[in-house]
Amino acid sequence: MFFELVYDKSLAQASYVIGCQAGGVAAVIDPKRDVDTYLQIAKANNMKITHVLETHIHADFLSGSRELAALTGAELYLSDEGDENWKYAFPHHKIKHGDNIKLGNLNFEVLHTPGHTPEHVSFLLTDKPASHEPVMLFTGDFVFVGDVGRPDLLEQAAGLKGTQDVGAAQMFDSLNEFVQLGDYIQVWPGHGAGSACGKALGAVPMTTVGYEKIRNWALQMLNDKTAFAKELLADQPEPPKYFAMMKKLNKVDRKLLTEVPKVSNLSEAAYREAKASGLRLIDTRTPEQFAQGFLKGAYNIPNNNSFSTWMGWYMDYESYFVLVAEEKEVDELTRKLMRIGMDNIHGYITPAQLLEFEAGKLEHYEPIGRETVEAKLEEGGVQVVDVRGVAEYNKGHIDGADNLFVGKLPNNLDKVSKEKPVIIHCQSGGRAAIAYSILRAHGFDNVQNYAGGWVDWSTAVAVGS
């Protein structure tokens, strides 16, 4: 048996290539949209991709299943569980609980594991030449390392009211089936630490059924359905705005993108035309670089593992935008965006071009420290805005601070003062830098960024300084 984990750090998303070397055939489970990765793996190992499997209709990324099938001729095997709201609107093999999918000498048994979503399935793999017992379980967003899938996304992100309580109850029942599996079975989940599909995901890539029985908080609560549901729904992170669009696009017959687009470097004339048309400038430099010289109106969304998530919060799927990025980073940024279906990149300019095109117009700022914050609070007449999530804020915050989550900030500008000085902060600086750029872009010139954030403030309080 051939096996390879493909892990996308930008969305903390795992996909898998599993092959029967004797037959020279391979399957891919939950592929990302830039599918050239899988084609290269198959070619390097002399295999043909013949099967594409999905655990569920994804909310956090745009599946590459159809792109991969179009390029390879592979067959799609997708869930036929759930009601009419959870059916795929394009040709595929419909699979249900108890079905078996053959791949050479390998067998994938389909297990219906609802909870995260109604149609969710997991794949129990048996490597027939080696053993007649199953050896691996591909759990998608059902069981993670140390956590389980959240059942509230449909209600919180897609607006399907009343679904989270049903999902929590289904998750409880599915987990009671999960613990009946052999302790030795390896568990390969669809996400790792950093994903918004759970609240306490572990950082290691795999686990076992037996390990999760003794470690996973959710499996310690399978004797009380009410208490389990309450804990499962508590303190989940805010689901990014783009999740609702992913749920739609992953079901419908959409336009395919079978290769990574080439993004054009804009000339000065083209840049000025784009700017005059009102296209948003997305500055992907670090907060430190942005602070040293930025164009008011630009959003500072750094090229790190959270780039696509924040872009999904702030940009819609109709508007075009221009990137500020070094040429060597453009392919990576394009891949990150196409993984959430955000294909409207009008072009890019480099930081050097920005400096040239906007000579004399760039602004800069210096973050402030705790002593300055304390002094301004002592003086009074200042608004402190904590841009962390609600759960983070509730665990501890600066007295009198208003909580406006950074992802929802553009929709809550009326809650930010234009009369008082405004101090923004997050946990340790990253989100506050984004918030600073957004507020400045929307005309707030009275803003200062307390970059040390809650980490700095709470540490100082703890030591009594």
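As a reminder, the structure under discussion sits directly above these lines.
Residues numbered from 1 in each chain as written. Predicted model: local features only at pLDDT ≥ 70, side-chain atom pairs only at ≥ 80, totals over all residues. Heavy atoms only, no water.

A.B. asks: I'd like to hear about the overall build of the chain, residue by residue, with values.
C.D. replies: Within the chain, the secondary structure is distributed over 16 helices and 20 strands. Taken over the C-alpha trace, the chain has a radius of gyration of 24 Å; the compact-globule value for 465 residues is 23 Å, and the two agree within 12%. With the C-alpha coordinates of the chain rotated into their principal frame, the extents come out at 70 × 55 × 40 Å. By the burial criterion, 57% of the 465 residues in the chain qualify as buried. Across the chain, contacts joining residues at least 24 apart in sequence account for 68% of those joining residues at least 6 apart. Surface accessibility of the chain: about 19,400 Å² in total, with carbon and sulfur atoms responsible for 49%. The distance from the centre of the 45 positive side-chain charges to the centre of the 61 negative ones in the chain is 3 Å. (Helix = DSSP H or I, 4+ residues; strand = E, 2+ residues; numbered from the N terminus. Rg over C-alpha atoms; globule rule 2.2 N^0.38 Å. Buried < 20%, exposed > 50% of the residue type's maximum accessible area, 1.4 Å probe, protein only. Contact = heavy atoms within 4.5 Å. Areas by Shrake-Rupley, 256 points an atom, 1.4 Å probe, with all protein chains shown as cover. Lys, Arg positive; Asp, Glu negative; His and termini not counted. Charge placed at Lys NZ, Arg CZ, Asp CG, Glu CD.)

A.B. asks: How would you summarise the pairing of strand β16 (residues 345-349) if you had to cite specific residues and measurements?
C.D. replies: Walk down a regular strand and you will see the side chains alternate between the two sheet faces. For β16, the tally of buried residues reaches four of five residues, placing the bulk of the element in the interior. Two strands pair when backbone bridges link them, and strand β15 (residues 321-324) and β16 are joined in this way by four bridges, in the parallel orientation. Across the sheet, the residue bridging to Val324 is Ile349, located in β16. Viewed along the sheet, the connection from β15 through helix α11 (residues 330-338) into β16 turns out right-handed. (Pairing = 2+ DSSP bridges. Right-handed = clockwise from strand over helix to strand, strands pointing away.)

A.B. asks: Hey, could you go over the environment of Asp80 for me, with residue numbers and the actual values?
C.D. replies: Along the chain, the position of Asp80 falls in the loop between β5 (75-79) and β6 (93-95). Taking the C-alpha atoms as reference points, Asp80 and Asp343, 263 residues apart in sequence, are found 29 Å from one another.

A.B. asks: Any details on helix α2 (residues 65-72)? Residues and values, ideally.
C.D. replies: With six of eight residues buried, α2 lies mostly within the body of the structure. Of the positions making up α2, those classed as buried are Ser65, Arg66, Glu67, Leu68, Ala69 and Thr72. For α2, the secondary structure elements touched by its buried residues are β3 (25-29), α1 (36-44), β4 (48-53) and β5. Directly after α2, the chain includes Gly73, whose backbone phi takes a positive value near 80 degrees.

A.B. asks: Explain the side chain of Ser174 residue by residue, including any values.
C.D. replies: Within the secondary structure layout, Ser174 lies in helix α4 (residues 163-178). One polar contact links the side chain of Ser174 to the main-chain carbonyl oxygen of Pro114, over a distance of 2.6 Å. If sequence neighbours within four positions are ignored, Ser174 has contacts with Thr113, Pro114 and Phe142. (Polar contact = N/O pair within 3.5 Å; in protein donor to acceptor, adjacent residues only side chain to side chain.)

A.B. asks: Summarise unusual backbone geometry; cite the residues concerned and give the values.
C.D. replies: Within the chain, Asn46 stands out as a residue other than glycine whose phi angle is a positive 55 degrees. Its identity as a non-glycine residue notwithstanding, Asp235 has a phi of 60 degrees, on the positive side. Turning to its location among the elements, Asp235 is positioned in the loop between α6 (225-233) and α7 (243-249).

A.B. asks: Can you break down the sheet that holds strand β20 (residues 447-449) residue by residue, with the values?
C.D. replies: Ordered in space as β18-β17-β19-β20, the four strands form an open sheet in which the pairing is parallel. Each edge of the sheet is formed by a strand with only one pairing partner; in this case those strands are β18 (402-403) and β20. Pairing geometry for strand β19 (residues 422-425) and β20, over three bridges, is parallel. In the strand pairing of β20, Val422 is matched with Val447.

A.B. asks: Any chance you could break down the nonpolar core for me, citing the residues and the numbers?
C.D. replies: The biggest cluster of nonpolar side chains holds 69 residues, and the ones touching the most others in it are Ile282, Met311, Tyr314 and Phe321. It is helix α15 (residues 430-441) that contributes the most residues to this core, seven residues altogether. Beyond its immediate chain neighbours, meaning those up to four positions away, Tyr314 contacts Tyr299, Ile301, Val406, Gly407, Pro410, Ile434 and Ile438. Ranked by size, the runner-up nonpolar core spans 23 residues in total, among them Leu137, Val179, Leu181 and Val187. (Core = buried A, V, L, I, M, F, W, Y, C linked by side-chain atoms within 4.5 Å.)

A.B. asks: Outline the packing of helix α13 (residues 370-379) against helix α16 (residues 453-462), supporting the account with residue identities and numerical values.
C.D. replies: Relative placement of two packed helices is described by the angle separating their axes and the distance separating the axes. Where α13 meets α16, the closest approach of the two axes is 11 Å, and the angle between their N-to-C directions is 80 degrees. When the axis of α13 is compared with that of α16, the two are roughly perpendicular. In this structure, α13 uses Arg370, Val373, Glu374 and Leu377 to contact α16, whose residues at the interface are Asp456, Trp457 and Ala460. (Axes fitted to C-alpha atoms, helices over the stretch in contact; angles between N-to-C directions. Parallel < 35°, antiparallel > 145°, perpendicular 65-115°, else oblique.)

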